[in-house]
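So the chains spell out like this:
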Amino acid sequence: MLGEKVDYWILKALADGRHRATEEELDQDGCSSLTAEQMGAKLPRVLERFEGHLPLSPDLHYLDMGCGSGELTLGLARHGAKHIVGVDYLPRFVELARRNAQNASIHADVAFECADLHTWNPPRKFDVVVSFDALEHIDDPGGFLKTMSRFLAPGGKAVLSFGPLFHSPFGDHMYEFFKVQLPWRGALFSENAMMRVRREFYRPTDPATRYQEIAGGLNLMRYSEFLRYAREAGWEFEFLQTNAFLKRRALRRFSISACSLPVVQDYLVHNVYAVMRRSADAETVAGPAAGEKLAA
Ligand SMILES: C[S@@+](CC[C@H](N)C(=O)[O-])C[C@H]1O[C@@H](n2cnc3c(N)ncnc32)[C@H](O)[C@@H]1O
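Residues numbered from 1 in each chain as written. Predicted model: local features only at pLDDT ≥ 70, side-chain atom pairs only at ≥ 80, totals over all residues. Heavy atoms only, no water.

## Here's the deal with the overall build of the chain
Regarding its fold elements, the chain presents 11 helices and eight strands. Taken along the three principal axes of its C-alpha coordinates, the chain extends 55 × 45 × 35 Å. Within the chain, contacts between residues at least 6 apart in sequence are counted, and of these 74% link residues at least 24 apart. Just so you have it, the chain exposes about 13700 Å², and 53% of that area is on carbon and sulfur atoms. (Helix = DSSP H or I, 4+ residues; strand = E, 2+ residues; numbered from the N terminus. Contact = heavy atoms within 4.5 Å. Areas by Shrake-Rupley, 256 points an atom, 1.4 Å probe, with all protein chains shown as cover.)

Shown next, in the form of structure tokens:
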């Protein structure tokens, strides 16, 4: 914003060291993915968001991409799914997910794999591939949206809920380590200054100097890029919703209109809820706004 040095001094003044943790400490306590209670409260709200487009059936096979602590995977099992595989590339999350599954007393066929989704060879195809709060983390999201089709059985669907997107007001995923929240911080401040403050106050042993190198990843995909990548990869939307950035009733209408404006939408859309199918032969390309609906 004002050059790397000045940015650093501003950010440093706003930083908060309370959540500082080394990678070793994170490995020990399983860390920042959602707990069973948090997911228990969150999942019904997310399912509601999809307005019935996320099928939950004991007959279908599910893949949870970027499963973190596995609580979503287990939550889906509690809501009726019976065959689920969760995949994550961070060993600490996969270990935690396996422990969570052992403690969950769930009667379902649930397995967790530690693998990079870009290169993972699935043992089977899945009827429903889901991903919650992970697409903004997965490196090369355009490439991933192409790769993802390998996981899907014919006629299957991909259900994605992700965000906040990096360029949205609070998309830098760094709220925990600042005392004062500045909207669009990630987009406004120099990456070097942000990452330096991150190392000094939050993750002293994560050597990341770029957002993409953070453990667990953080890509800088914009909403418009997601629409383009999905179209280029041959997906068509069965359902597409974004949240409005202003929640107050009086401002909601303005917010919804603003989120539909090209360029402006990249800085306002927080979260995306998408249900996608392969176009008939993956050659038919859907328009970006097919089925699109903006809601608060
Ligand atoms: C914010 S967490 C979300 C976890 C979980 N879905 C939830 O909702 O609690 C995003 C996850 O994506 C995983 N991830 C990112 N890139 C990945 C990749 N290429 N392959 C597998 N997992 C990946 C990260 O390790 C992280 O656990």
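## Points about the side chain of Asn100
Within the secondary structure, Asn100 sits in helix α5 (residues 91-103). Within the structure, the side chain of Asn100 is placed 3.0 Å from the backbone oxygen of Ser69, a separation counted as a polar contact. Not counting residues within four places of it along the chain, the set of residues in contact with Asn100 comprises Ser69, Glu71 and Leu74. (Polar contact = N/O pair within 3.5 Å; in protein donor to acceptor, adjacent residues only side chain to side chain.)

## As for the pattern of salt bridges
Applying the stated rule across the entire model yields 10 salt bridges. Of the charged contacts, one joins Lys42 and Asp133 as a salt bridge, the two residues approaching to 2.3 Å between their closest N and O atoms. Of this pair, Lys42 sits in helix α3 (residues 36-49) while Asp133 sits in the loop between β4 (126-132) and α6 (141-147); the two residues are 91 residues apart in sequence, bridging distant segments of the chain. Under the relative-accessibility criterion, Lys42 is labelled buried at 18%. Residue Asp133 is classed as partly exposed on the basis of its relative accessible area, which comes to 26%. Across the salt bridge formed by Glu238 and Lys157, the nearest N and O atoms sit 3.0 Å from each other. Of this pair, Glu238 sits in strand β6 (residues 235-243) while Lys157 sits in strand β5 (residues 152-162), and the two are 81 residues apart along the sequence. Lys157 sits in the buried class, given a relative accessible area of 9%. Among the charged side chains, a salt-bridge network with shared partners connects Lys157, Glu238 and Arg277. (Salt bridge = Lys/Arg side-chain N within 4 Å of Asp/Glu carboxyl O. Buried < 20%, exposed > 50% of the residue type's maximum accessible area, 1.4 Å probe, protein only.)

## As for the packing of aromatic side chains
Remark: the centre distance and the inter-plane angle together describe each pair of aromatic rings, the angle taken between the planes. All chains considered together, the criterion is met by 11 aromatic pairs. On the basis of an interplanar angle of 20° and a centroid distance of 4.3 Å, the ring pair of Phe177 and Tyr202 is categorised as stacked. Taken together, the positions of Phe177 in the loop between β5 and α7 (185-188) and Tyr202 in the loop between α8 (191-201) and α9 (223-232) put the pair 25 residues apart, joining distant regions of the chain. Each member of the pair, Phe177 as well as Tyr202, is classed as buried. An aromatic cluster is built from Phe50, Phe132, Phe239 and Tyr273, whose rings are joined through pairwise contacts. Above the face of the Tyr8 ring, Arg196 is positioned so that its terminal group lies 3.6 Å from the ring centre. (Phe/Tyr/Trp six-rings, centres within 6.5 Å; stacked < 30°, edge-to-face > 60°. Lys NZ or Arg CZ within 6 Å of the ring centre and 35° of its normal.)

## So, the site of the ligand
Taken together, 19 residues sit near the ligand, with Gly66, Asp88, Asp116, Leu117 and Phe132 positioned nearest. A distance of 2.9 Å is found between a nitrogen atom of the ligand and a side-chain nitrogen or oxygen belonging to Asp116. Here a nitrogen atom of the ligand and a backbone polar atom of Phe132 are 2.8 Å apart. Contact with the protein chains removes 92% of the 600 Å² of surface that the ligand exposes when unbound. Of the residues assigned to the shell around the ligand, the class counts are 10 nonpolar, six polar and three charged. (Near = heavy atom within 4 Å. Nonpolar A, V, L, I, M, F, W, Y, C, P; charged D, E, K, R; others polar.)

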